[in-house]
Amino acid sequence: MADTEHRLGDAFDIRRHLHVGQVIPAHPLALLPTRAMDERQQRALTRYYVAAGAGGIAVGVHTTGFPIHDAKIGLYRPVLELAAETADNALARDPRAFVRVAGVIGDTAQAVREAQIAQALGYHCALLSLGAWRDATDAAILAHCARVAEVLPLFGFYLQPAVGGRRLSYAFWREFAEIQNVVAIKVAPFDRYATMDVVRALADAGRDDIALYTGNDDAIVPDLVTDVPVTSGGRAYTRHFVGGLLGQWAVWTSRAVRMLREIQAWRASRADTLPRKWLTRGAALTMANAVIFDAAHNYQGCLPGILEILRLQGLVRGTWTFDTNERLSPGQGEALARLTEQYPDLADDEFVAQRLDEFLR
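From a predicted model like this one, the values you see are computed outputs, not experimental measurements.

Draft legend 1. Molecular detail of the pattern of salt bridges. Overall, the coordinates contain 16 salt bridges when judged by the stated rule. Two residues, Arg 43 and Glu 85, come together in a salt bridge whose shortest N-O distance is 3.0 Å. With Arg 43 in helix α2 (residues 39–51) and Glu 85 in helix α3 (residues 76–91), this residue pair connects regions lying 42 residues apart in the sequence. Judged by relative accessible area, Arg 43 falls into the buried class, the value being 16%. Salt bridges sharing common partners tie together Arg 15, Arg 207 and Asp 209.

This is how it looks when you write it as structure tokens:
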């Protein structure tokens, strides 16, 4: 194969790629009823994300299912390896830059070990979950982050407390920005005040080289279209979220790519006003996400909700997760089945239907 930029492990300017702004789906895990990985459907998902125009994938993250990190299950390396191999093969037809983000969790020893596995498989950066550090001091967490950053560039991660994250202050993010090998931050506290803390901290640190990615599935469009006023070294300017790394973008991905490109075109036009359609579309996306993520039941049906959309499209066979008690909440399935009709501008059923045989080959 030609030595092109898209190949796994090849050097490319990861900061530049992330700063352009990308759609990065949080990659789900397709399982069989036995809870073994459904390799055929898992490959189909990866091919779908490449064909949809995503700028990368995040594997081993919350949407994939944190149980794959359990040594007893033994799926961390196989899942990452399968995604890498499948993406590489799909990109061989039309080479382009494509970032591989590996989810990394646990104490420092586990996180470093996982980062080393991801590096060996050609992943470009680590999305570092701090779920195991909920009661630790900021100093301990920052030392942990710096150690992992010695292995792989970091994609910082502000995860909302409802699904395993913890509150992180402005002071934490200001110190985090001193870690030189940070390339981006996924901001996902589902909280506007906390979101602005991260933006302000990066500006105060002078780290314009760290790309801001929204993980706020409840406020995707507002994050992408908002210019946040900041100051640094006496200079007043604005920062904005350039893209997203989202569980929501694990579904309807081709429409997400189209949406981000339209927003990028609007920004490039330097128009003074924001078209009202974006506020309307943002509200629709938030309402659809409330059903998919099962916000009404404190996100209990989040992973099954994502999988059910993909099942309806034929990309996975079922909504099974490793937790046998994890399932769609009462009424969630019926609500999910209505989403395409309610929000036709968001769904990409036709895109998937036209290519499903290719994805499943």
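Draft legend 2. Main features of the packing of aromatic side chains. This model, assessed by the stated rule, comprises nine aromatic pairs. Consider the rings of Tyr 48 and Tyr 49, whose centres lie 5.1 Å apart with planes at 40°: the pair is tilted. By relative accessible area, which is 0% here, Tyr 49 ends up buried. Between Phe 172 and Phe 176, the ring centres sit 6.0 Å apart and the planes meet at 25°, which makes this aromatic pair stacked. With a gap of four residues between them, Phe 172 and Phe 176 both fall in helix α6 (residues 170–176), about one helical turn apart. One exposure class covers both Phe 172 and Phe 176, and it is buried.

Draft legend 3. Region of the structure containing empty space enclosed by the protein. Applying the stated criterion across every chain, the model contains four cavities of 30 Å³ or more. What the largest cavity holds in volume is close to 180 Å³. If you list the elements that add at least two residues to the lining of the largest cavity, you get β5 (154–159), β6 (182–188) and α11 (302–313). Here the residues of the lining of the largest cavity are counted per class, giving eleven nonpolar, five polar and two charged.

Draft legend 4. Seen up close, the pairing of β5. Burial within β5 is extensive, with six of its six residues counted as buried. Side chains of β5 alternate between two faces, with Leu 154, Gly 156 and Tyr 158 and Phe 155, Phe 157 and Leu 159 buried alike. Relative to β5, strand β4 (residues 125–128) runs parallel, the two sharing two bridges. Within β5, the residue paired with Leu 127 across the bridge is Phe 155. The β-α-β motif built from β4, the intervening helix α5 (residues 138–149) and the parallel element β5 has right-handed crossover chirality. Sheet topology places β5 next to β6; six bridges connect them, and they run parallel. Considered in β6, the bridge of Phe 155 is made with Ala 184.

Draft legend 5. Highlighting the pairing of strand β8 (residues 228–232). Across the two faces of β8 the burial differs, with Val 228, Val 230 and Ser 232 buried and Pro 229 and Thr 231 not buried at all. By the bridge criterion, five bridges tie β8 to strand β9 (residues 235–239) in an arrangement that is antiparallel. Following the sheet pairing, Thr 231 is matched in β9 by Ala 236. As consecutive antiparallel partners, β8 and β9 are separated by two residues, and within that stretch Gly 233 has a phi angle of approximately 60°, a positive value.

Draft legend 6. Seen up close, the environment of Leu 303. You can see Leu 303 is positioned in helix α11. Assessed through its relative accessible area of 10%, Leu 303 is described here as buried. Sequence-wise, Leu 303 and Leu 29 are 274 residues apart; in three dimensions their C-alpha atoms are separated by 9.5 Å. The contact partners of Leu 303, leaving out residues within four places of it in the chain, are His 62, Thr 63, Thr 321 and Glu 326.

Draft legend 7. Representation of unusual backbone geometry within the structure. We note that Arg 35 has phi near 75°; this positive angle belongs to a residue other than glycine. Inspection of the secondary structure assignment puts Arg 35 in the loop between β1 (23–25) and α2. Residue Arg 35 is classed as partly exposed on the basis of its relative accessible area, which comes to 22%. For Tyr 299, which is not glycine, the phi torsion reads 70° and is therefore positive. Looking at the secondary structure, you find Tyr 299 in the loop between α10 (276–292) and α11.

Thresholds, definitions, all that
Residues numbered from 1 in each chain as written. Predicted model: local features only at pLDDT ≥ 70, side-chain atom pairs only at ≥ 80, totals over all residues. Heavy atoms only, no water. Salt bridge = Lys/Arg side-chain N within 4 Å of Asp/Glu carboxyl O. Helix = DSSP H or I, 4+ residues; strand = E, 2+ residues; numbered from the N terminus. Buried < 20%, exposed > 50% of the residue type's maximum accessible area, 1.4 Å probe, protein only. Phe/Tyr/Trp six-rings, centres within 6.5 Å; stacked < 30°, edge-to-face > 60°. 1 Å grid on protein atoms, 1.4 Å probe; cavity = no way out; pocket = protein on both sides within 12 Å on 5 of 7 lines; lining within 4 Å. Points joined across faces, edges and corners; volume = space filled by probe spheres on them. Nonpolar A, V, L, I, M, F, W, Y, C, P; charged D, E, K, R; others polar. Pairing = 2+ DSSP bridges. Right-handed = clockwise from strand over helix to strand, strands pointing away. Contact = heavy atoms within 4.5 Å.

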